[in-house]
Amino acid sequence: SELYEEIVDLLVRSGRDELAFEYAERAKSRALVDMLAGRVGGQLGQAWDSTTTQRIRILRERLNGLYGKLFRADVDARGFVATEGNRVRAQALESELSRLLRAELFRDPHRASIETVGALDLDEVRGLLQPGEVLVEYFVTREVLYTFVVSPDGLRVVRQDVPERELRRLLTRFRFHPSQG
């Protein structure tokens, strides 16, 4: 979660709004998948070979570490410049993770659907919008509110520094308001 927050922030600050939107969507998809997997609990986890489950966990941890290196340390004024070695390692880990998840999909389709993360990219979202329609998406971190406004022909991102306490107050007010209609 924190890694996604840092990636989105770095991308927005460097003017790479489309990629920031896609990472925000991935973060939300990952959070939903994690929440669903937690609710389902150990029942599904027992269906998978513990060696495979452990390997998937290790691959995800290694990928998180590599993504951290790629997106934190290797930023310059022109944008993201990552070392080729880290890119190659990340691609290899992603390939192995995909292979393991595909194999498990055949053995346990329900669990695999809970473990994988999918998110629409910006072009797919734009393609779903009709002329005159816009999609407003929010991505919230501890201190920042990102508002993505997507239209069929564009994307606008607003980054607002908002203290956590104020954000909680606004969210509570927002949740209350629609229920009063």
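Residues numbered from 1 in each chain as written. Predicted model: local features only at pLDDT ≥ 70, side-chain atom pairs only at ≥ 80, totals over all residues. Heavy atoms only, no water.

1. Digging into the confidence of the model for the protein chain
Point 1. Averaged over every residue, the pLDDT of the protein chain is 75; the share at 70 or more is 69%.
Point 2. Residue range residues 39-47 is modelled with pLDDT below 50. Its contacts to residues more than four positions away, or to other chains, number seven contacts. (pLDDT = per-residue confidence, 0-100. Contact = heavy atoms within 4.5 Å.)

2. Details of the pattern of salt bridges
Note that side chains of opposite charge can pair when their charged atoms are close.
Point 1. In the structure shown here, the tally under the stated rule is nine salt bridges.
Point 2. Taking the shortest distance from any N to any O, the salt bridge between Glu-25 and Lys-28 comes out at 3.1 Å. With Glu-25 and Lys-28 both in helix H2 (residues 17-40) and three residues apart, the pair spans about one turn of that helix.
Point 3. With a shortest N-O distance of 2.3 Å, Lys-28 and Glu-137 are connected by a salt bridge. With Lys-28 in helix H2 and Glu-137 in strand E3 (residues 135-140), this residue pair connects regions lying 109 residues apart in the sequence.
Point 4. By relative accessible area, Glu-137 is classed as buried at 16%. (Salt bridge = Lys/Arg side-chain N within 4 Å of Asp/Glu carboxyl O. Helix = DSSP H or I, 4+ residues; strand = E, 2+ residues; numbered from the N terminus. Buried < 20%, exposed > 50% of the residue type's maximum accessible area, 1.4 Å probe, protein only.)

3. A look at the nonpolar core
Point 1. Val-8, Phe-21, Phe-139, Tyr-146, Phe-148, Val-150 and Leu-155 are the most contacted members of the largest nonpolar core, which totals 20 residues.
Point 2. Breaking this core down by element, the ones donating at least two residues are helix H1 (2-13), H2, helix H7 (122-128), strand E4 (144-151) and strand E5 (154-161).
Point 3. Ignoring any residue separated from it by four or fewer positions in sequence, one finds Leu-155 in contact with Asp-17, Glu-18, Phe-21, Leu-122, Arg-126, Phe-148, Val-149 and Val-150.
Point 4. Residues Ile-56, Leu-59, Leu-66 and Leu-93 belong to the second largest nonpolar core, which totals nine residues. (Core = buried A, V, L, I, M, F, W, Y, C linked by side-chain atoms within 4.5 Å.)

4. Side note on the pairing of E5
Point 1. Where E4 meets E5, eight bridges bridge the pair, whose relative direction is antiparallel. Residue pairing for E5: Leu-145 is matched across the bridge by Gln-160.
Point 2. Counting the residues in the hairpin turn of E4 and E5 gives two residues. (Pairing = 2+ DSSP bridges.)

5. Section: the environment of Leu-135
Point 1. With respect to the element layout, Leu-135 can be found in strand E3.
Point 2. On the accessibility criterion, Leu-135 (26% relative accessible area) is partly exposed.
Point 3. Taking the C-alpha atoms as reference, Leu-135 lies 6.5 Å from Ser-151; in sequence the two are 16 residues apart.
Point 4. What Leu-135 contacts, discounting residues up to four positions off in sequence, is Val-125, Leu-129, Phe-148, Val-149 and Val-150.

6. As for the sheet that holds E3
Point 1. Reading across the sheet, the three strands line up as E3-E4-E5 and stay open at both edges, with antiparallel pairing between neighbours. A single partner strand is all that each edge strand has here, and the edge strands are E3 and E5. Across the sheet, the mean angle from the axis of one strand to that of its neighbour is 15 degrees, orientation sign disregarded. (Axes fitted to C-alpha atoms, helices over the stretch in contact; angles between N-to-C directions.)

7. Structural notes on the layout of surface pockets
Point 1. Empty space within the second largest pocket amounts to approximately 440 Å³.
Point 2. Lining the second largest pocket are Tyr-138, Val-140, Leu-145, Val-162, Leu-167, Arg-168, Leu-170, Leu-171, Thr-172, Arg-173, Phe-174 and Arg-175.
Point 3. Those elements that provide at least two residues to the lining of the second largest pocket are E3 and helix H8 (164-179).
Point 4. With eight residues, the single largest contributor to the lining of the second largest pocket is H8.
Point 5. When its residues are assigned to classes, the lining of the second largest pocket shows eight nonpolar, one polar and three charged. (1 Å grid on protein atoms, 1.4 Å probe; cavity = no way out; pocket = protein on both sides within 12 Å on 5 of 7 lines; lining within 4 Å. Points joined across faces, edges and corners; volume = space filled by probe spheres on them. Nonpolar A, V, L, I, M, F, W, Y, C, P; charged D, E, K, R; others polar.)

8. Describing the side chain of Glu-137
Point 1. Side chain to side chain, Glu-137 and Lys-28 meet in a polar contact 2.3 Å long.
Point 2. Beyond its immediate chain neighbours, meaning those up to four positions away, Glu-137 contacts Phe-21, Glu-25, Lys-28, Tyr-146, Thr-147 and Phe-148. (Polar contact = N/O pair within 3.5 Å; in protein donor to acceptor, adjacent residues only side chain to side chain.)

9. Observations concerning the environment of Arg-142
Point 1. Among the secondary structure elements, Arg-142 is positioned in the loop between E3 and E4.
Point 2. Look at Arg-142 and you get partly exposed, because its relative accessible area is 47%.
Point 3. Expressed as a C-alpha distance, the spacing of Arg-142 and Pro-163, which sit 21 residues apart in the sequence, is 7.3 Å.
Point 4. With near-sequence residues (within four places) excluded, Arg-142 lies in contact with Glu-2, Glu-5, Val-162, Pro-163 and Glu-164.

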